[in-house]
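Listed below, chain by chain, are the residues.
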Amino acid sequence: MMHDPISLDLTGKLLVAMPGMGDPRFDRSVIFVCAHSEEGAMGLIVNKPASDVDLGAVLEQLDIEVDPESRHMPIHIGGPVETSRGFVLHSTEYQSRLKTLEISENFGMTATLDVLEDIAAGDGPRAALIMLGYAGWGAGQLEGEISRNGWLTVDAGAELIFSTDDDAKWAAALGTLGVDPLGLSGMAGRA
């Protein structure tokens, strides 16, 4: 019995970019998959901090008073789609008053303004990454990229996402599979 490759559900998993995948926007990216279905997939890059903006700057633009402890929280580049739209990937003890997408037992995602207001007031999630933009794939597109060796899939751990330094997340994600990044090649082969 053949299985339809689209029946694979990657929601709550990590995509780890392989060397030589061909898209410089995703070089050494680690993407948390927030939703995956037959219609496509949506994810957030968790290891690419924006160099020119922090939470304080974003909240000032929104006229939200910011708690000094939260002011310098980094903003991440979540992906190349809708780069002015904000998303917060967070621990599940936090629930928005408006709408939180429950992804798994360890992760929720909120894209409503109230999560930023709560973070600014010191009442936000225990662990969170704030992103601008997201990565999106149409029906079958992500599965095709995986079959062409563009991505490895890895189980998502809260410590890797929320506690590991951004510049170490790619190698750490590969390490969960026992893969040494130095041994990876950008060339795919077939036997």
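Visitor: How would you explain the pattern of salt bridges if you had to name every residue and give the values?
Guide: One pass over the full model with this rule turns up 7 salt bridges. Between R25 and D23 there is a salt bridge whose closest N-O contact spans 2.7 Å. The salt bridge partner of E117 is R97, with a shortest N-O separation of 3.8 Å. Here the residue E117 occupies a position in helix 2 (residues 113–120), and R97 occupies one in the loop between strand 6 (81–90) and strand 7 (100–102), the gap between them amounting to 20 residues. Of the residues examined, R97 reaches a relative accessible area of 58% and is grouped as exposed. Overlapping salt bridges, with partners in common, bring together R97, E117 and D118 in one network.

Visitor: Lay out unusual backbone geometry in plain terms, naming residues and giving numbers.
Guide: Of note, D63 is a non-glycine position whose phi angle comes to about 55 degrees, a positive value. Residue position: D63 is located in the loop between helix 1 (55–61) and strand 5 (74–77). The class for D63 is exposed, based on a relative accessible area of 73%.

Visitor: A description of the pairing of strand 2 (residues 30–37) should follow, citing residues and the corresponding values.
Guide: Counting buried residues along strand 2, 6 of its 8 residues qualify, which places the element largely inside the surrounding structure. Where strand 2 lies against strand 3 (residues 40–45), 6 bridges are found, and the strand directions are antiparallel. Across the sheet, A35 pairs through a bridge with M42, a residue of strand 3. Between the end of strand 2 and the start of strand 3, which pair antiparallel, lie 2 residues.

Visitor: Describe the pairing of strand 1 (residues 13–17), and please don't skip the residues or the numbers.
Guide: Residues in a regular strand project their side chains so that they alternate between the two faces of the sheet. A large share of strand 1 lies buried, amounting to 4 of its 5 residues. Pairing analysis gives 5 bridges linking strand 1 to strand 10 (residues 151–155), with the strands arranged antiparallel. When the bridges of strand 10 are listed, L14 appears paired with V154. Relative to strand 2, strand 1 is paired through 3 bridges, and the arrangement is antiparallel. Residue V16 lies in a different strand from strand 2, and its bridge partner there is V30.

Visitor: Describe the nonpolar core, with residues and values.
Guide: Residues L14, F32, L44, V46, L89, F107 and I161 are the most contacted members of the largest nonpolar core, which totals 25 residues. Looking at this core, the elements that each hand over two or more residues are strand 1, strand 2, strand 3, strand 6, strand 9 (128–138), helix 4 (158–163) and helix 5 (169–175). Here F32 is in contact with G12, K13, L14, M42, G43, L44, V46, L89, I103, F107, A156 and I161, once residues within four sequence places are set aside. In terms of nonpolar packing, the next biggest core, distinct from the first, is built from 14 residues, L55, L59, I64 and V115 among them.

Visitor: Tell me about the packing of aromatic side chains, and please be specific about residues and values.
Guide: All told, the structure shown has 5 aromatic pairs when counted by the stated rule. Ring centres of W137 and W151 lie 6.3 Å apart, and the angle between their planes is 85 degrees; this geometry places the pair in the edge-to-face category. Of this pair, W137 sits in strand 9 while W151 sits in strand 10, placing them 14 residues apart in sequence. One exposure class covers both W137 and W151, and it is buried. Three or more aromatic residues joined by ring pairs make a cluster, and in this case those are F26, W137 and W151.

Analysis parameters
Residues numbered from 1 in each chain as written. Predicted model: local features only at pLDDT ≥ 70, side-chain atom pairs only at ≥ 80, totals over all residues. Heavy atoms only, no water. Salt bridge = Lys/Arg side-chain N within 4 Å of Asp/Glu carboxyl O. Helix = DSSP H or I, 4+ residues; strand = E, 2+ residues; numbered from the N terminus. Buried < 20%, exposed > 50% of the residue type's maximum accessible area, 1.4 Å probe, protein only. Pairing = 2+ DSSP bridges. Core = buried A, V, L, I, M, F, W, Y, C linked by side-chain atoms within 4.5 Å. Contact = heavy atoms within 4.5 Å. Phe/Tyr/Trp six-rings, centres within 6.5 Å; stacked < 30°, edge-to-face > 60°.

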